[in-house]
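Structure at a glance
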Amino acid sequence: MPAVKRIVTKAWDFDGQSDFSNPFHSFLYTLSLAYGGAVRLRNVLYDGGLLGVKRLPRPVVSVGNITAGGTGKTPMVIFLTKLLRERGYRPAVLSRGYRGKGEGRVNVVSDGDHVTASPAEAGDEPFLIASSTGAAVLTGADRFATGSHAVERLGADILVLDDAFQHRRLFRDVDILLLDADRPFGNRCLLPRGPLREPVNGLRRADMIVLTRSGEDSGESPVEEELQAKYPGIPVFRAVRQPKEIVPLSAGSFPPIQADPLESSPSSPQKREHDSPPESLQGRRVCAFAGIANPDSFRKTLASLGAETVAFLTFPDHHRYRVEDIEAVRKAAEKGKCEITLTTEKDGVKLRSFPTAGIHALRVEMSVTGGAGEFVEAVLEKLGR
């Protein structure tokens, strides 16, 4: 299955939805017509009120995207959740918990005081969010049920939906849509011919648009001009993911899992003396590996820090690492005479049970160019706060 996924995603690099000279692309395009018809019908039914929408008793903010793959949803959820906590709110994050083993209708990853589920139980992103924010995090397919639990049992006063732009069954007060500034709509084709989860005109449902990986340029980009021309009432922000620190995985980089909620332990990691700044990668020989949706973004980040990436191993998104995978990484590092072995924070959370001596994770954090204050004020204003 991973091989098929790689072949399909490679096809997304080729533009031209009606390029019938390639039989495989034509086949994918035919499938996308059926998929698009189903998505359009579903949206019409929701827009017309023919499909019911449930409303939670607290404000709901959704963070999502319109394409498959990585646009920075998890860093944005972490960024937003931290901002809300700094403003005195008690947010809870609701996630589907993709590939997590939690089978309950409501799975509590963190109660806001302790992380109580492993990455395997919670899923990669929910565990990382819980570890990074200190907020309550819950998973489950029924987000009305997880949201009700967060409000009634954990005292949440704002609910943040992770990856939920297409989850229209639950009413949200603010829809934040993320777009990759480099290629916001991919090849502008729907799944599986392209990465679009729904037609581009779905952007009209967004309350705010955030262009991720947008850089620091002050001038208006062609993407912003297109968005402002077609959707003039929707504010557009820019965001970048900035490397924060390099942490050794063998030094307790993530909080311990607390089976007993009475045990005291911080739910978010603390900075330690042996963490090092990203600038320390300058000129160093690096062996890197990643199992994320867009591994090339990790490679580019390392290059921007001046690292000499001698070996770069890629694994499928949400990959469950095995001993032989880590051995392959170690051999590549040894063969390349690398000075440091590095992975992403999302991958790092899954390596807790492995011998991780010599393996480090690069922590990154989202920041909104122009100031986080303006962004969070815009969110709170739409919430009526």
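Residues numbered from 1 in each chain as written. Predicted model: local features only at pLDDT ≥ 70, side-chain atom pairs only at ≥ 80, totals over all residues. Heavy atoms only, no water.

We now examine the overall build of the protein. When its secondary structure is counted, the protein shows eleven helices and twelve strands. Scored against the burial criterion, the 385 residues of the protein give a buried share of 54%. If you take every contact in the protein between residues at least 6 apart in sequence, the share linking residues at least 24 apart comes to 77%. Accessible area for the protein stands at about 17600 Å²; split by element, carbon and sulfur atoms hold 52% of it. (Helix = DSSP H or I, 4+ residues; strand = E, 2+ residues; numbered from the N terminus. Buried < 20%, exposed > 50% of the residue type's maximum accessible area, 1.4 Å probe, protein only. Contact = heavy atoms within 4.5 Å. Areas by Shrake-Rupley, 256 points an atom, 1.4 Å probe, with all protein chains shown as cover.)

A word on the packing of aromatic side chains. Counted under the stated rule, the structure contains six aromatic pairs. Both rings, one in Phe 79 and one in Phe 375, keep their centres 5.9 Å apart while their planes meet at 40°; by these two values the pair is tilted. Here Phe 79 is found in helix H3 (residues 73-86), whereas its partner Phe 375 is found in helix H11 (residues 372-383), with 296 residues between them in sequence. For the pair shown, Phe 79 and Phe 375 are each scored as buried. Between Phe 237 and Phe 375, the aromatic rings sit 5.4 Å apart at their centres with planes inclined by 90°, giving edge-to-face as the arrangement. With a gap of 138 residues between them, Phe 237 in strand E8 (residues 236-248) and Phe 375 in helix H11 connect regions that are remote in the sequence. With respect to burial, Phe 237 and Phe 375 carry one shared label: buried. Feature note: the residues Phe 79, Phe 237 and Phe 375 constitute an aromatic cluster, connected by ring pairs. When the ring centre of Phe 171 is taken as origin, the NZ or CZ atom of Arg 55, which lies over that ring, is 3.7 Å away. (Phe/Tyr/Trp six-rings, centres within 6.5 Å; stacked < 30°, edge-to-face > 60°. Lys NZ or Arg CZ within 6 Å of the ring centre and 35° of its normal.)

It is worth spelling out the confidence of the model for the protein at this point. On average, residues of the protein carry a pLDDT of 89, and 90% of them reach 70 or more. A low-confidence stretch, residues 260-266 (pLDDT under 50), is modelled with ten contacts involving residues beyond four sequence positions or located in other chains. (pLDDT = per-residue confidence, 0-100.)

As summarised here, the arrangement of the twelve strands in space is E3-E4-E2-E5-E1-E6-E7-E8-E12-E11-E9-E10, forming an open sheet in which the pairing is mixed. The outermost strands of the open sheet, each flanked by one partner alone, are strand E3 (107-111) and strand E10 (308-314). Ignoring which end each strand starts from, the neighbouring axes of this sheet average 25° apart. In this sheet, E10 lies alongside strand E9 (residues 285-290) in parallel orientation, the contact comprising six bridges. The residue of E10 that forms the bridge with Arg 285 is Glu 308. Here helix H8 (residues 295-304) sits on the sheet and contacts E8, E9, E10, strand E11 (340-344) and strand E12 (359-369); the angle it forms with E9, its principal contact strand, is near 160°. (Pairing = 2+ DSSP bridges. Axes fitted to C-alpha atoms, helices over the stretch in contact; angles between N-to-C directions.)

A few words now on the nonpolar core. If you look at the biggest cluster of nonpolar residues, it comprises 38 residues, and the most contacted ones within it are Met 76, Leu 80, Ile 176 and Phe 375. Top contributing element to this core by residue count: H3, with seven residues. Ignoring anything within four residues of it in the chain, the contact list for Leu 80 reads Val 61, Val 63, Val 160, Ile 176, Phe 375 and Val 379. (Core = buried A, V, L, I, M, F, W, Y, C linked by side-chain atoms within 4.5 Å.)

The subject of this paragraph is the environment of Leu 196. Structurally, the position occupied by Leu 196 is in the loop between strand E6 (174-180) and strand E7 (208-212). As for Leu 196 and Gly 36, which are separated by 160 residues in sequence, their C-alpha atoms are 9.5 Å apart. Contact partners of Leu 196, with chain neighbours within four places excluded, come to Tyr 35, Ile 66, Thr 67, Phe 185, Arg 188, Cys 189, Leu 190 and Leu 191.

Before going further, it helps to spend a moment on helix H9 (residues 323-335). End to end, H9 covers 18 Å across 13 residues, agreeing with the expected 18 Å (1.5 Å per residue, within 8%). Those residues of H9 that are buried are in contact with E9, E10, E11 and E12. After H9 finishes, the residue Lys 337 shows a positive phi value of roughly 50°. (Expected span 1.5 Å × (residues − 1).)

Its place among the elements puts Leu 161 in strand E5 (residues 158-162). Once the C-alpha coordinates of Leu 161 and Ala 92 are considered, the two residues, 69 residues apart in sequence, prove to be 8.6 Å apart.

Another aspect to go through is the side chain of Glu 125. Residue placement: Glu 125 occurs in helix H5 (residues 124-133). Take Glu 125: its relative accessible area is 14%, and that puts it in the buried class. Discounting chain neighbours no more than four positions away, the residues touching Glu 125 are Thr 74, Asp 162, His 318 and Lys 346.

Attention shifts here to unusual backbone geometry. Following Leu 191, the chain continues to Pro 192 via a peptide bond in cis, the omega torsion being 0°. Locating Pro 192 in the fold gives a position in the loop between E6 and E7.

With respect to the helices and strands, Asp 180 occurs in strand E6. Among the polar contacts made by the side chain of Asp 180, one reaches the main-chain amide nitrogen of Asp 182 at a distance of 2.8 Å. Those residues in contact with Asp 180, other than ones at most four positions away along the chain, are Gly 70, Thr 71, Thr 212 and Arg 213. (Polar contact = N/O pair within 3.5 Å; in protein donor to acceptor, adjacent residues only side chain to side chain.)

As a further point, take the packing of H3 against H5. At their nearest, the axes of H3 and H5 sit 10 Å apart, and the two run at 30° to each other. Here H3 lies roughly parallel to H5, going by the angle between them. Crossing of H3 against H5: the hand is right-handed. On the side of H3, the interface is formed by Thr 74, Val 77, Ile 78, Thr 81, Lys 82 and Arg 85, while H5 contributes Glu 125, Leu 128, Ile 129, Ser 132 and Thr 133. Tallied by class, the residues present in the contact of H3 with H5 amount to four nonpolar, four polar and three charged. (Parallel < 35°, antiparallel > 145°, perpendicular 65-115°, else oblique. Left-handed = near helix turned anticlockwise from the far one by under 90°. Nonpolar A, V, L, I, M, F, W, Y, C, P; charged D, E, K, R; others polar.)

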